Amino acid sequence: MATLQLADWLIIFGFAGIWLGVQIVANGRLPRQLRQGPTPTAQKRSPEAFGLFWIDQYGYIGLTFAVGGLAAIVVGVLS
């Protein structure tokens, strides 16, 4: 019976990270700072501004998972 090596686990978790990251970005969209064209704004310290802040954070989390997953796959394949 074959056991999984570290490289195999990196590839597995890399694909999982990409999948989760893409799902998060598809749901929460890209952060406003990375979008082109007009972006929604709100008055400072308002509930709407707080909501926009957290949607942006959600987008950054998704991008981090996707990019980290891609990096894990590259490291797993190269090792």
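For the structure, see preceding data.
Residues numbered from 1 in each chain as written. Predicted model: local features only at pLDDT ≥ 70, side-chain atom pairs only at ≥ 80, totals over all residues. Heavy atoms only, no water.

A. Summary view of the environment of Asn27. Relative to the helices and strands, Asn27 resides in helix H1 (residues 6–28). Look at Asn27 and you get exposed, because its relative accessible area is 57%. (Helix = DSSP H or I, 4+ residues; strand = E, 2+ residues; numbered from the N terminus. Buried < 20%, exposed > 50% of the residue type's maximum accessible area, 1.4 Å probe, protein only.)

B. Highlighting the environment of Ile12. Take Ile12: it is sitting in helix H1. Each C-alpha atom of the pair Ile12 and Ile73 lies 7.8 Å from the other, and the pair is 61 residues apart in sequence.

C. How the structure looks around the environment of Arg29. Relative to the helices and strands, Arg29 is located in the loop between H1 and helix H2 (47–78). If sequence neighbours within four positions are ignored, Arg29 has contacts with Ile24, Arg35 and Gly59. (Contact = heavy atoms within 4.5 Å.)

D. How the structure looks around the side chain of Ser46. Looking at the element boundaries, Ser46 is found in the loop between H1 and H2. Ser46 gets classed as buried once you look at its relative accessible area, which sits at 13%.

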